[in-house]
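Coordinates in review
One letter stands for each residue in the lines below.
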Amino acid sequence: QAVAAGSSITVYAITRDVGTNFVANVAATWSLVSKTGGVADGNLVASEDAKSATFTGHVVGSAVIDAASDSATKTDSGVITVIPGPVSAANSTVTASPSSGVTADGSASSTITVTVKDAYGNPIPGQTVALSVVGHSYSLTAPAATDVNGQTTATLTSTLAETKTISARVGATTITQQAQVTFVA
């Protein structure tokens, strides 16, 4: 089961009696096993009566929830996978390199790099990024979808010496950070 970063699921201890009938609301000892990536023990919190536990995903990774009770053998959940949450305008970035001293000759360029992340810093792959530029007499290549690191790049050139401001949007989310590139004669 997939859980987006920042989201939670609640699991319940259910066991079978000697007649193989389901028995619900069993107190159990809860733990995470087979953890990968950024999944940590603190992501799983048992209820006061230990009959359920809540798993909250933060950092991309996976784990199996283990519930052990005195009356039966332990039972494992399937694999719980934490996936990136929605795009965070504040955690995503727009940068330019170089950001100054670029010759305004139509061929010298600056690379615009957009890194798309969720609120927990997880990179988000496969996102379409729309770039906009405030300025004149420029050319900007279209960025590809974000890669596994949540990044994509575009190339900016200009024939007019001025400072250009670059903004990025992913769906309805406008990334807070902007980049600037100063083109010179």
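Calculation notes
Residues numbered from 1 in each chain as written. Predicted model: local features only at pLDDT ≥ 70, side-chain atom pairs only at ≥ 80, totals over all residues. Heavy atoms only, no water. Helix = DSSP H or I, 4+ residues; strand = E, 2+ residues; numbered from the N terminus. Rg over C-alpha atoms; globule rule 2.2 N^0.38 Å. Buried < 20%, exposed > 50% of the residue type's maximum accessible area, 1.4 Å probe, protein only. Contact = heavy atoms within 4.5 Å. Areas by Shrake-Rupley, 256 points an atom, 1.4 Å probe, with all protein chains shown as cover. Lys, Arg positive; Asp, Glu negative; His and termini not counted. Charge placed at Lys NZ, Arg CZ, Asp CG, Glu CD. Polar contact = N/O pair within 3.5 Å; in protein donor to acceptor, adjacent residues only side chain to side chain. Salt bridge = Lys/Arg side-chain N within 4 Å of Asp/Glu carboxyl O. Pairing = 2+ DSSP bridges. Axes fitted to C-alpha atoms, helices over the stretch in contact; angles between N-to-C directions.

What follows covers the overall build of the protein chain. Scanning the protein chain from N- to C-terminus turns up zero helices and 18 strands. Taken over C-alpha atoms, the radius of gyration comes to 24 Å for the protein chain, far larger than the 16 Å a tight globule of 185 residues would show. In terms of overall dimensions, the protein chain has a C-alpha envelope of 85 × 25 × 20 Å along the principal axes. The burial tally for the protein chain puts 36% of its 185 residues in the buried class. Sequence separation of 24 or more characterises 56% of the internal contacts of the protein chain that already satisfy a separation of 6 or more. In the structure as shown, the protein chain presents an accessible area of about 9,400 Å², 52% of it carried by carbon and sulfur atoms. Charged side chains of the protein chain number 7 positive and 11 negative; the gap between the two group centres comes to 4 Å.

Here we come to the side chain of Ser62. Among the structural elements, Ser62 can be located in strand β8 (residues 61–69). Within the local environment of Ser62, its side chain forms a polar contact with the side chain of Thr36, the two groups lying 2.7 Å apart. Those residues in contact with Ser62 that sit more than four places away from it in its chain are Ser34, Lys35, Thr36, Val39, Val79, Ile80 and Thr81.

This structure, assessed with the given rule, holds two salt bridges. Taking the shortest distance from any N to any O, the salt bridge between Asp41 and Lys35 comes out at 2.8 Å. Ionic pairing is found between Glu162 and Lys164, a salt bridge with its closest N-O pair at 2.6 Å. According to the relative accessible area criterion, Lys164 is buried, its value standing at 0%.

So, about the sheet that holds strand β7 (residues 52–56). Overall, antiparallel pairing links the three strands, which are arranged β2-β7-β6 in an open sheet. In this open sheet, the two edge strands, each paired with only one partner strand, are β2 (8–12) and β6 (44–46). On average, adjacent strands in this sheet sit at an angle of 25° to one another, irrespective of strand direction. Where β6 meets β7, three bridges bridge the pair, whose relative direction is antiparallel.

On to unusual backbone geometry. In this chain, Ser97 is followed by Pro98 through a cis amide linkage whose omega measures -5°. By the secondary structure assignment, Pro98 is in the loop between β10 (93–97) and β11 (102–103). The phi dihedral of Thr20 is positive, around 65°, even though this residue is not glycine. Take Thr20: it is sitting in the loop between β3 (15–16) and β4 (22–23).

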